[in-house]
Amino acid sequence: GSGTYFGWWGSALGCWKLLSRCVAGMAAARIAMPARRRPVIAVALLAAVALSLLVPGEAKMSPQEFNKFQQRFREHAADMDSEHYKLLFDRVNFMIWNSPESVGAPSTEFQNFSYNVVLYHVPPFVVIDDRAANNPGKGMVADPGNANQTRTPDNGGISGFTIDFLGQLSDEMGVTFKYYYPCLAAGWNANQTCDPVAASDAKTALDMLKSVDDTYMNKGSDLCGTQNKCLSAGAHKITEKLLDTNFATQPYLEKGFRMIVMSEEVEPIFMSWAGPFTWQLWIVVVFEVVAVGLAFIYVEGYGTNPAMPTHRGMLLFDAMYWSFTLVLGVADKQATTHAGRTLSMAQLFFTLLLTAVYTGNLNSVLLNVQSSYKIDSFSDFIDRDADKFKLANSICYSTDSTKSYLDLEAGINQAVTFNLVKAATPKDCMLMVYKGEVTATFYDEPIAKWRLANTFDQKGLCGTSGGYCSNLKYTSKRACEKNNEIFTDVQGTLSTSGSVFNPFGYALVFPRSSTFTDFMAFSQAIQFIKEKGGMDKLEDKFITSDRVCSTSSDSLPVLEIMHVQGLLIIVGFVAIVGLVVGLLEHITAFCVAHFSCCKGLDEVTVNLEDENGGGTAEADTAGDGAEKLEDASVLAPPPDIDENADLSLGDAVLELQTRLDRIEDLLQAAVDYASSAVEAGGAKGDDGDGLGWLKGVTKMGSTQ
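Residues numbered from 1 in each chain as written. Predicted model: local features only at pLDDT ≥ 70, side-chain atom pairs only at ≥ 80, totals over all residues. Heavy atoms only, no water.

### Brief notes about the overall build of the chain
Along the backbone of the chain there are 25 helices and 15 strands. Considering only residue pairs separated by 6 or more positions, the chain has 74% of its internal contacts joining residues 24 or more positions apart. With the model as given, the accessible surface of the chain reaches about 39200 Å², and the carbon-plus-sulfur share is 58%. (Helix = DSSP H or I, 4+ residues; strand = E, 2+ residues; numbered from the N terminus. Contact = heavy atoms within 4.5 Å. Areas by Shrake-Rupley, 256 points an atom, 1.4 Å probe, with all protein chains shown as cover.)

Now the structure itself:
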């Protein structure tokens with residue numbers, strides 16, 4: 001300051017101490033310095049350190065010297081603008097907000113503050129009614145830019161995710177908000193209309209927040225005032241470029257990009273009927289049926305159950321058939337053992353659950369139209385090994401954020417060249433995908449979902465009978481053709497595919513100021529609302545995946561033959577096999593009865609039936625069935641009751657029950673032998689022997 005050699009050194013030491021305090025202060029306040037400004041600060045700090053090492057410790061800077069140093073710094077620090085300079089040297093008013101659940105008393109200093117919010121139309125975050133201000137409605141006055149606050153959340157003139165979120169902030173912090181949106185003064189003065197495009201642009205909203213002239217109907221400097229009580233809200237994504245010129249709160253919602261492609265219905269396959277279960281579950285079902293069949297062999301086979309054959313091959317077949325018929329609900333046999341009854345009960349219970357689950361899912365599976373996508377995820381554009389990678393695939397973009405991401409990926413994957421198509425808006429990109437002009441597009445997931453549900457689905461641009469008119473103001477085919485326009489049929493629906501990529505956050509944006517840091521307090525309140533679950537409720541309300549295509553009822557999916565064609569083919573095949581087997585049996589019987597060359601077939605059939613428990617047909621032709629029944633000790637008639645025996649009532653009943661059981665067994669055996677004999681006799685032409693045997697059995701039964 002004094003012009004002397006040591007005076008300059010003293011100034012450098014003072015600069016070093018001042019910059020040290022500033023750096024510590026910035027670190028404490030977490031104020032980010034833009035990357036392009038950091039070299040200037042680094043050079044100044046290094047110079048100050050080098051000079052301070054040569055200066056005696058008692059060297060100080062007087063107020064006059066500091067003023068001169070400050071003036072020189074202003075003149076020579078051309079790379080720093082006034083705002084960054086203020087961040088270094090001006091006093092910062094640091095404000096914090098204590099939640100009601102914080103230790104100590106909650107914050108009350110924000111309850112008297114009112115903030116002016118610059119919005120922009122971006123559904124579902126912000127929806128501004130009549131943003132052109134040329135159709136105010138009955139009894140309403142045009143309000144360009146909402147200068148007169150005729151649109152409020154209470155009357156529905158302003159609504160959306162972000163508006164409800166600001167309402168939660170108002171409840172927690174006690175602040176109030178007034179809402180404005182960009183309306184160019186030139187356009188309003190010329191034709192009394194606000195430009196809808198400007199009212200829907202995030203850049204325009206931020207520009208209006210900083211405006212100091214009459215470009216907009218509402219000047220930013222008037223909205224912010226001397227206390228800087230203003231901010232911009234909508235769907236501002238936190239980016240490096242945004243933080244370079246503004247303050248941003250912590251994100252109140254974290255989302256990312258999502259691919260938007262055309263989906264087409266997949267034709268039902270042969271095994272569509274099996275869709276309610278996975279193939280693993282079908283294997284379990286088959287294994288269970290086989291296991292129960294083997295268990296039936298163990299507990300009911302080998303002579304335990306008279307209805308089961310003794311031939312091993314036929315026993316296995318019969319047991320499996322029994323188990324399978326239980327699954328179908330029609331039992332082939334009745335169990336005779338307690339173990340067999342238990343198995344049957346377990347199998348019937350399994351059948352009950354299996355039927356309930358299968359029938360409950362079958363209708364929904366068959367009617368749920370499966371879809372295929374041309375692109376499954378963004379990796380299909382950059383991964384040459386992906387199944388759906390094609391050099392001809394094209395992608396549409398419309399905003400700086402999507403273009404920046406594509407540039408980043410192009411730099412990383414230099415071996416891949418993107419086929420890019422530029423459109424004016426995300427909606428235009430989606431329409432190009434629907435028309436088949438490009439393969440896919442991508443955009444913010446919440447906005448993409450809202451646009452698909454509220455624009456394309458509601459206007460019939462979806463489904464198997466969808467399409468578009470050459471004049472997009474006509475949504476139906478009838479109205480389009482009635483007005484001599486061309487309607488193009490399109491089969492398919494715009495859908496989101498893959499998972500969210502390139503995650504980012506949405507924040508409230510404050511103008512960069514050297515003295516006001518209200519955004520920090522708002523960040524604290526945002527974190528408190530997120531921890532309470534307030535954002536989850538808003539997501540459920542505004543960001544939904546439910547979609548209903550406004551097509552006619554006759555285009556809705558219905559159950560057709562193609563959905564069950566596989567099941568019909570399998571059932572038909574089994575039925576044909578059964579008919580063939582039955583036909584072979586009739587042919588064999590006819591051949592045996594009329595041709596002597598077929599007698600060998602009769603021997604095989606009779607022996608097989610004999611092994612299966614069908615009786616001794618050959619022996620019965622001799623007419624000795626009655627004697628065999630008499631010789632069998634099991635079927636022997638019970639002894640006569642001694643009339644003089646002194647029997648109690650219980651013993652008499654027991655004796656009577658025993659006799660009845662013996663008679664029942666005898667009659668059953670007689671019927672079985674008679675049937676076998678008649679069949680065998682009829683096949684051999686020995687009807688006389690068979691009838692004689694039957695008469696003998698009948699006579700024996702009558703005697704007993």
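### Looking at the confidence of the model for the chain
Confidence in the prediction of the chain, expressed as mean pLDDT, is 78, and 71% of residues score 70 or more. Note that pLDDT drops below 50 for residues 27-32; the model gives that stretch 3 contacts with residues more than four away or on any other chain. (pLDDT = per-residue confidence, 0-100.)

### Section: the state of the cysteines
One pass over the structure, following the stated rule, counts 5 disulfides. A sulfur-sulfur separation of 2.0 Å characterises the disulfide bridge that pairs Cys396 with Cys429. Handedness of the Cys396-Cys429 disulfide follows from its S-S torsion of about -70 degrees: it is left-handed. With Cys396 in strand 9 (residues 394-397) and Cys429 in helix 15 (residues 426-435), this residue pair connects regions lying 33 residues apart in the sequence. By the burial criterion, Cys396 is buried, and Cys429 matches it. Here Cys462 is linked by a disulfide to Cys549, with a sulfur-sulfur distance of 1.8 Å. (Disulfide = S-S within 2.5 Å. Buried < 20%, exposed > 50% of the residue type's maximum accessible area, 1.4 Å probe, protein only.)

### Structural notes on the environment of Ser499
Within the fold, Ser499 resides in strand 14 (residues 493-506). Residue Ser499 is classed as exposed on the basis of its relative accessible area, which comes to 54%. Expressed as a C-alpha distance, the spacing of Ser499 and Gly256, which sit 243 residues apart in the sequence, is 9.3 Å. For Ser499, the contacting residues outside a window of four places in its chain are Phe257 and Arg258.

### Considering a nonpolar patch on the surface
Side chains of Met271, Ile570, Phe573, Val574, Val577 and Val581 sit close together on the surface and give an oily, nonpolar patch of about 520 Å² of accessible area. Here Val577 lies in helix 20 (residues 565-594). (Patch = residues over 30% accessible without salt bridge, like charges linked within 9 Å, V, L, I, M, F, W, Y side chains within 5 Å. Salt bridge = Lys/Arg side-chain N within 4 Å of Asp/Glu carboxyl O.)

### Digging into the packing of aromatic side chains
Applying the stated criterion across every chain, the model contains 31 aromatic pairs. Summarising the aromatic geometry, the rings of Phe125 and Phe161 are spaced 5.7 Å apart at their centres and angled 70 degrees between planes, so their arrangement reads as edge-to-face. With a gap of 36 residues between them, Phe125 in the loop between strand 1 (114-118) and strand 2 (127-128) and Phe161 in helix 5 (residues 161-173) connect regions that are remote in the sequence. Across this residue pair, the class does not change: Phe125 and Phe161 are buried. Ring plane angle 70 degrees and centroid distance 5.1 Å describe the contact between Phe257 and Phe442, whose orientation is recorded as edge-to-face. Taken together, the residues span a long stretch of sequence, with Phe257 in strand 7 (residues 253-265) and Phe442 in strand 11 (residues 440-444) at a distance of 185 residues. Summarising the burial analysis for this pair, Phe257 and Phe442 share the class buried. Over the face of the ring belonging to Phe504 we find Lys237, whose NZ or CZ atom lies 5.3 Å from the ring centre. (Phe/Tyr/Trp six-rings, centres within 6.5 Å; stacked < 30°, edge-to-face > 60°. Lys NZ or Arg CZ within 6 Å of the ring centre and 35° of its normal.)

### A short note on the layout of surface pockets
By volume, the largest pocket is sized at about 1500 Å³. Taken together, 44 residues form the lining of the largest pocket, with Asp201, Ala202, Lys203, Thr399 and Tyr443 sitting closest to its centre. At the level of elements, helix 7 (202-210), helix 9 (240-245), helix 14 (400-412), helix 15, strand 11, helix 16 (445-457) and strand 14 are the ones that each hand at least two residues to the lining of the largest pocket. By residue class, the composition of the lining of the largest pocket is 21 nonpolar, 12 polar and 11 charged. (1 Å grid on protein atoms, 1.4 Å probe; cavity = no way out; pocket = protein on both sides within 12 Å on 5 of 7 lines; lining within 4 Å. Points joined across faces, edges and corners; volume = space filled by probe spheres on them. Nonpolar A, V, L, I, M, F, W, Y, C, P; charged D, E, K, R; others polar.)

### Some details on empty space enclosed by the protein
Rolling a probe over the atoms, with the probe sized like a water molecule, indicates the empty space that remains. Counted by the stated rule, this structure contains 1 cavity of 30 Å³ or more. In this structure, the largest cavity spans a volume of roughly 40 Å³. Together, Asn228, Phe247, Phe510, Pro511, Phe516, Thr517, Asp518 and Phe519 line the largest cavity. Among the elements of the structure, strand 15 (509-511) and helix 18 (518-532) are those that each provide at least two residues to the lining of the largest cavity.

### A closer look at the environment of Thr439
Relative to the elements of secondary structure, Thr439 occurs in the loop between helix 15 and strand 11. It is 7.9 Å that separates the C-alpha atoms of Thr439 and Met262, two residues lying 177 residues apart in sequence. Not counting residues within four places of it along the chain, the set of residues in contact with Thr439 comprises Val261, Lys374, Ile375, Ala392, Asn393, Ser394 and Val433. Looking at Thr439, its side chain comes within polar contact range of the main-chain nitrogen of Ser394, at 3.0 Å. (Polar contact = N/O pair within 3.5 Å; in protein donor to acceptor, adjacent residues only side chain to side chain.)

### Concerning helix 20
Taking 1.5 Å per residue, 30 residues should reach 44 Å; helix 20 reaches 43 Å between its end C-alpha atoms and fits that length. The set of residues buried in helix 20 consists of Gly566, Cys591 and Val592. (Expected span 1.5 Å × (residues − 1).)

### Things to note about the pattern of salt bridges
Where charged atoms from two side chains of opposite charge approach closely, those side chains can pair. In total, this model carries 15 salt bridges according to the counting rule given. The shortest N-O distance in the salt bridge between Asp332 and Lys333 comes to 2.4 Å. A residue is classified by how much of its surface remains accessible, and Asp332, at 32% relative accessible area, is partly exposed. The network of salt bridges with shared partners includes Arg258, Glu445 and Lys449.

### Quick look at the nonpolar core
Counting residues in each nonpolar core, the largest one holds 75 residues, and the members touching the most others are Phe125, Leu169, Phe177, Tyr252, Phe378 and Leu508. The element best represented in this core is helix 18, accounting for 8 residues. When residues no more than four places from it in sequence are discounted, the contact partners of Phe177 are Tyr115, Val117, Leu166, Leu169, Ser170, Leu231 and Phe522. Judged by nonpolar contacts, the second largest core, of 18 residues, contains Cys429, Phe456, Tyr468 and Val490. (Core = buried A, V, L, I, M, F, W, Y, C linked by side-chain atoms within 4.5 Å.)

### Let's talk about the pairing of strand 1
Burial analysis of strand 1 places 4 of its 5 residues in the buried class, the great majority of the element. The pairing of strand 1 with strand 4 (residues 176-180) spans 5 bridges and is parallel. Bridge pairing in strand 4 places Val117 opposite Tyr179. In the sheet, strand 1 pairs with strand 5 (residues 230-232) via 3 bridges, with the strands oriented parallel. If you follow Asn116 over to strand 5, its bridge partner there is Cys230. (Pairing = 2+ DSSP bridges.)

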